[in-house]
Amino acid sequence: MRVQSPAGGGDGSFPASAARSRARSPAHSDPHLHFPQMSEKLPVTVLSGYLGAGKTTLLQHILHNAEDRRIAVIVNDMAEVNIDAALVDEQSDLVQTEESLVEMSNGCICCTMREDLLAEVKALADDGRFDHLVIESSGISEPMPVAVTFDLSDEFGHTLSEIAKIDTMVTVVDAHRFTEDFNSTDLLADRGQETGPDDERTLVDLLVDQVEFANVILINKTDLVSDEQVQFLTHVLRTLNPEATLVPTQHSEVDLGAIMGTEAFDFEAAQNMPGWVKELDGEHVPETAEYGITSFTYQARKPFHPRRFWDFFQGRWPGVVRAKGFFWLGTRDAMVGELSQAGRMRDQRPTGYWWAALPDEEWPDDPQTRALIADRWDEEYGDRRQELVFIGVDMDEAELRDRLDACRMTVEEEQACLDGEGAVADPFPTWGTHPSLA
C-alpha cells in the first residue's frame, strides 16, 4: 500500500538488498517488421516538462531553426484534441527542410503507446532521410519509461536501440510556476490530469521525475521572474540533478546544439544523476551557502520504533526540499521501507526484502551482487539498516538527526518485537508478506 501525506511545515540505486527487478515486457509488433543492422542509428531528443512549461514552443523553435538539419517529429498529447500536433502542423510549411510529423493520440507514449512508438520510430529510421528525431512526450509523462521503451524487446527479440539511440533527454521547467507547483499537495487527479483511475501520482512526483532524469533542463519563462528567483531556482534544480546542463531561456529559445547532437544520454548514468543517489553513494552534493542549500545522509544500524518513526514521518521537516532513501522498522524485520519527499508531499511504501530475511535459494548467483551484499553486511543485523538522504534550504541538520536518533529502538524494545507479534504498536499500513516468509 502506498501512503501519501502533506509534509507538515516543509519549505519547500536503492540497496542491492531490496529484492527487485525491472521486467522486460515484450511489445507486440508486426511479424513482418524487420530490424536490419544499421551503420548509423537515428539520434533522438526527448522533450519532457509539465503542461504549460513550453515544450510545444520549444518544438516550434526547433522546426523554425532546423537550417540544414532534417528533423522528424513525434508528438503526443493526452487530450482528445491534439492541440500540440495541430499547432506544429500549422507551422510546418515554414520549415525549409522536409520534416515528418507523426501524431500519437489517445494515450501516453510511456504507458500505452509503446507498440506504436516501436513501429513509428522504425519507419522513420528506415526512411533514411532524417538526421534527428524529436519526441515530444505528454506533459504528464515521466522521461524514464520513455527511455526504457528503447530497450524493451518485441516478441522477436528486437529493440528500438538497434535502429535509434536516445541522444539527449530535455526537460522544460516553468520558472514562473515551478516553485508553487513544487510545493503543491495536489494529485494529478485533482487537476484532471491523471492517465486513468489507477494513477495516484502527485504533481510533485511528476515534476521531480522530469527534473531528475534530464541531461538538459531549460529554465523557461525567465522574463516572468526576477534574476534572484532564477538564481535560486537554478540552485534548487542543481541539488535535484547535479549532472544536468541548466539553460535559462525565454520563449524556449535555445541553441539547438545544446539539445541535439550532444550524445549526453546514458541510461545507467541517468539512473544515478539525482542528487539523492549521489548522496547515498557517498558523492556529497555541493552546498550552496549563499542560498542555504545543504544536504546530508542519515545512516544507522538500529531498527526504528514504528510509532516514533510514524510520528516523525507525519511531522514537520522545516526546510527539506527533497528526501529519499530506505528504512527498517523493528516490527517488519524482513521488509525494506522506502521513503520519499518532494516539496510538501511525502510517501512511504515497501520496496523489497532484506537479503538477510530471504532463504538461500533466493539469493543472487552473480559474484558482483554478492560482493555488494557482503560489503554492507553486519554480523548482527545482516544488510538491514537506515539510509536516508535529506536535501533542503536552511535545514537544521542537527535537529533532524536528533529526531531520527530518537526513533531508534532500545534493546528492550527490540527484544519485545522478538517476543511476539503485537508487542510493539505499529501504525504503518500493512505491507504484505513474501510467500517464503509466511
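Right above here is the structure, for reference.
Calculation criteria
- Residues numbered from 1 in each chain as written.
- Predicted model: local features only at pLDDT ≥ 70, side-chain atom pairs only at ≥ 80, totals over all residues.
- Heavy atoms only, no water.
- Helix = DSSP H or I, 4+ residues; strand = E, 2+ residues; numbered from the N terminus.
- Buried < 20%, exposed > 50% of the residue type's maximum accessible area, 1.4 Å probe, protein only.
- Areas by Shrake-Rupley, 256 points an atom, 1.4 Å probe, with all protein chains shown as cover.
- Phe/Tyr/Trp six-rings, centres within 6.5 Å; stacked < 30°, edge-to-face > 60°.
- Core = buried A, V, L, I, M, F, W, Y, C linked by side-chain atoms within 4.5 Å.
- Contact = heavy atoms within 4.5 Å.

Below, the discussion takes up the overall build of the protein chain. Broken down by element type, the protein chain carries 13 helices and 13 strands. Across the 438 residues of the protein chain, 54% fall into the buried class. Counting only carbon and sulfur atoms, one obtains 46% of the accessible surface of the protein chain, whose full area is about 19600 Å².

Turning our eyes to something else, we now look at the environment of Asp 311. Relative to the elements of secondary structure, Asp 311 occurs in helix H10 (residues 306-314). Between the C-alpha atom of Asp 311 and that of Cys 407, which follows or precedes it by 96 residues, the distance is 9.0 Å.

The subject of this paragraph is the packing of aromatic side chains. Overall, the coordinates contain 19 aromatic pairs when judged by the stated rule. Considering the side-chain rings of Phe 178 and Phe 182, the 5.5 Å spacing of their centres and the 25° angle between planes classify their relative orientation as stacked. Here the residue Phe 178 and the residue Phe 182 both occupy positions in helix H5 (residues 178-182), the gap between them amounting to four residues, near one helical turn. Residue classification places Phe 182 among the buried positions, given a relative accessible area of 4%.

This part covers helix H1 (residues 55-64). The element H1 is extensively covered by neighbouring structure, given that seven of its ten residues are classed as buried. Along H1, the residues that are buried comprise Lys 55, Thr 56, Leu 58, Leu 59, His 61, Ile 62 and Leu 63.

Once that is clear, we can look at the nonpolar core. Ranked by size, the top nonpolar core spans 30 residues in total, and within it Phe 304, Phe 309, Phe 312, Phe 327, Leu 339, Phe 390 and Leu 404 carry the most contacts. Listed by contribution, the elements that provide at least two residues to this core are strand E9 (293-300), H10, strand E10 (320-327), strand E11 (335-342), strand E13 (386-393) and helix H12 (397-407). In terms of residues, this core owes the most to one element, H10, which gives four residues. Dropping the residues within four chain positions of it, Phe 304 is found in contact with Tyr 298, Phe 309, Phe 327, Trp 328, Leu 329, Gly 330, Gln 386, Leu 388, Leu 404, Cys 407, Arg 408 and Met 409. Within the second largest apolar cluster, 29 residues are counted, among which are Leu 203, Val 204, Leu 207 and Ile 219.

Take unusual backbone geometry next. Despite not being glycine, His 251 has its phi angle at roughly 55°, a positive value. Along the chain, His 251 turns up in the loop between strand E8 (245-248) and helix H8 (267-271).

Examined against the element boundaries, Gln 210 turns out to sit in helix H6 (residues 203-212). Apart from the residues lying within four places of it in its own chain, the contact partners of Gln 210 are Ser 48, Gly 49, Tyr 50, Gly 139, Ser 141, Pro 143 and Thr 171.

This next bit is on the pairing of strand E5 (residues 132-136). Every regular strand shows the same layout, with side chains that alternate between the two sheet faces. Counting buried residues along E5, five of its five residues qualify, which places the element largely inside the surrounding structure. Of the two faces of E5, the one carrying His 132, Val 134 and Glu 136 and the one carrying Leu 133 and Ile 135 are both buried.

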